[in-house]
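Per-entry structural report
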Amino acid sequence: MGECLTDTLPGVGAGRVAGGALDHKPHRTSCAQRLREDAVDRGEPVQETAHRIHAHCGVTLLRAHRLARGLTLQEAADGLNDLGARYEAAPRADGDQLGHWEKGRQPRPVTVDLLCEFYASTAQGLGLRGSSQFSSPDEPPAEERAPARRSQQALTPAVAPRRAADTVPLSFEQQIDAARRSVDRTLAVGTVTPTQLDLLDEQLLWAREQYVYTPPAPMIEILLGHLSEVEDMAAHRQPAAVQVRLSELTALIATLIADALMKLGHLRRAQSWYATARNAGDDSGNTGLRARVRAQAAMLPYHYGPIEAAVALSREARILCRNRPTPTAAFASAAEARALAKLGHAEGAEAALRQATEIFERSHARADTGNDAFAFPERRFLLYMSGTLTALRRTAEARRVQENAFALYPEKTGIDPVLLHFEAALCLAHEHSTEEACQLAAATFLRTDPAHRTPIVEERAREVVEVLPPRVRGSRVARELREILALPPGQM
């Protein structure tokens, strides 16, 4: 792996940091993310990944354990608090506190014990001091030699354990048999049948089809209902194959919820849901799904910034696809091309678009004509191609692509044709046809179903005015377009 961009953690010098990090500046989290993904592909245990991140990226051991699991500071703090809820008088933590501990501040011994249990490690393995001092420089205390052993003084279970009765000691053979029976009971705990999973799949497929043309607000309510059912099943121990399918379903539903929130302009919540979708996709181990979730998540920074994040996410998705000719690989490459074009990187955008075209032709996605939010049929590929060509100011080509795309969209298709009309208006604006551009954008906005007239549609309409030359932004048609966009929905 080549050199990584670095940044310095606040409060930590460029030399050796707390927790035994190496004598160089800590790398960016993207470096740890790549190491984690490589480790997942190799099947490497998370503890080894944490030490690899610690050694390679120059971060503290405590931070390396979090990065090895792909958790944000807030997600790790929430997990720590959920674990602490099992015990009386357990400490509470927030993301800021955890960040301070990761930079070298020593938490209280009772918190160290909780961190050990949360990360399934020892205090020494986390680069922290345990509940008591070392008896010698080379001898860790007993509580650090036993992972996740808690301080009995502070972490008392909320429900007192049953007192062990005086029983006859089991023979070695009896212990072996008892252990096997216990494992068998655990394996039999699963409560989800194949029929239940098939029904969930059918319900989600219906939701994916409805999502294409249903307004985002009512769609979120539907999706939350499906997610609640999946979550109830996943809360109990299930066989590995069932747990994988539940993680896949969670990732798909969370992605659709994030996309709907993005359309409604709830950007912070959309970002959080995309993070949840990525976590669930990673948990499933399904490489194609992991790539798809990331490519979809790139839409948020593409529309609202920063564009560089859209390039990074779509590129990460493309790399995960490993050049396999799949619809997801075509989607990721097309998304990368469109984002690069919006950044003004013409050469990179054209190369990514050529790659997307080649993959799309090999993926047989052209034959897909159905409605599915996770499909990538030809009409969607042309939408992304239109966005790329429009941003590159290749307007004549873009308009031909738009005409081909319009012919492929059925009557009930949501906002994609609306976005195409705005692309056409942008082409007119680039060609200095100010009046035609503003009139087309205004007519498109007013024709759009009010339930679909969400902030993302408004942003695209405003973009038409923003790309006009400064000398004509005050023209009559430009003012009329801005006035239409400023009107409350009931007055349109």
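Going by the annotation in an unreviewed UniProt entry, the name recorded for the protein is HTH cro/C1-type domain-containing protein, with Streptomyces griseoflavus Tu4000 given as the source organism.

To continue, consider the overall build of the protein. When you go through the protein residue by residue, the secondary structure sums to 23 helices and two strands. Looking at the 492 residues of the protein, the share that counts as buried comes to 47%. Residue pairs in contact within the protein that sit at least 24 positions apart in sequence constitute 61% of those at least 6 positions apart.

With that settled, the discussion passes to the packing of aromatic side chains. Taken as a whole and judged by the stated rule, the model has seven aromatic pairs. With 6.3 Å between their ring centres and 80° between their planes, Phe-376 and Phe-381 make a pair best called edge-to-face. Accessibility classification places Phe-376 together with Phe-381 in one group, the buried group. Both rings, one in Phe-376 and one in Tyr-384, keep their centres 5.8 Å apart while their planes meet at 70°; by these two values the pair is edge-to-face. By relative accessible area, Phe-376 is classed as buried at 1%. With a relative accessible area of 1%, Tyr-384 lands in the buried category. Taken together through their ring pairs, the aromatic side chains of Phe-331, Phe-360, Phe-376, Phe-381 and Tyr-384 make up a single cluster.

To continue, consider the side chain of Arg-290. Tracing the sequence through the fold places Arg-290 in helix α13 (residues 287–297). Ignoring anything within four residues of it in the chain, the contact list for Arg-290 reads Glu-37, Val-40, Asp-41, Gly-281, Asp-282 and Leu-320.

Right, let's talk about the pattern of salt bridges for a bit. Per the counting criterion, the structure on display carries 23 salt bridges. The residue Arg-294 makes a salt bridge to Asp-282 at a minimum N-O spacing of 3.1 Å. Of the two residues, Arg-294 is situated in helix α13 and Asp-282 in helix α12 (residues 267–284); the sequence distance between them amounts to twelve residues. For the pair Arg-294 and Asp-282, a shared accessibility class is recorded, and that class is buried.

Here the focus is the packing of helix α20 (residues 416–430) against helix α22 (residues 455–466). For the pair α20 and α22, the least separation of the axes is 9 Å and the interaxial angle reads 10°. Comparing the axis directions of α20 and α22 gives the class roughly parallel. Taking contact as the criterion, the partners of Val-418, Leu-419, Phe-422, Glu-423, Ala-425, Leu-426 and Ala-429 in α20 are, on α22, Val-457, Arg-460, Ala-461, Glu-463 and Val-464. Considered class by class, the residues forming the contact of α20 with α22 number nine nonpolar, no polar and three charged.

Parameters at a glance
- Residues numbered from 1 in each chain as written.
- Predicted model: local features only at pLDDT ≥ 70, side-chain atom pairs only at ≥ 80, totals over all residues.
- Heavy atoms only, no water.
- Helix = DSSP H or I, 4+ residues; strand = E, 2+ residues; numbered from the N terminus.
- Buried < 20%, exposed > 50% of the residue type's maximum accessible area, 1.4 Å probe, protein only.
- Contact = heavy atoms within 4.5 Å.
- Phe/Tyr/Trp six-rings, centres within 6.5 Å; stacked < 30°, edge-to-face > 60°.
- Salt bridge = Lys/Arg side-chain N within 4 Å of Asp/Glu carboxyl O.
- Axes fitted to C-alpha atoms, helices over the stretch in contact; angles between N-to-C directions.
- Parallel < 35°, antiparallel > 145°, perpendicular 65-115°, else oblique.
- Nonpolar A, V, L, I, M, F, W, Y, C, P; charged D, E, K, R; others polar.

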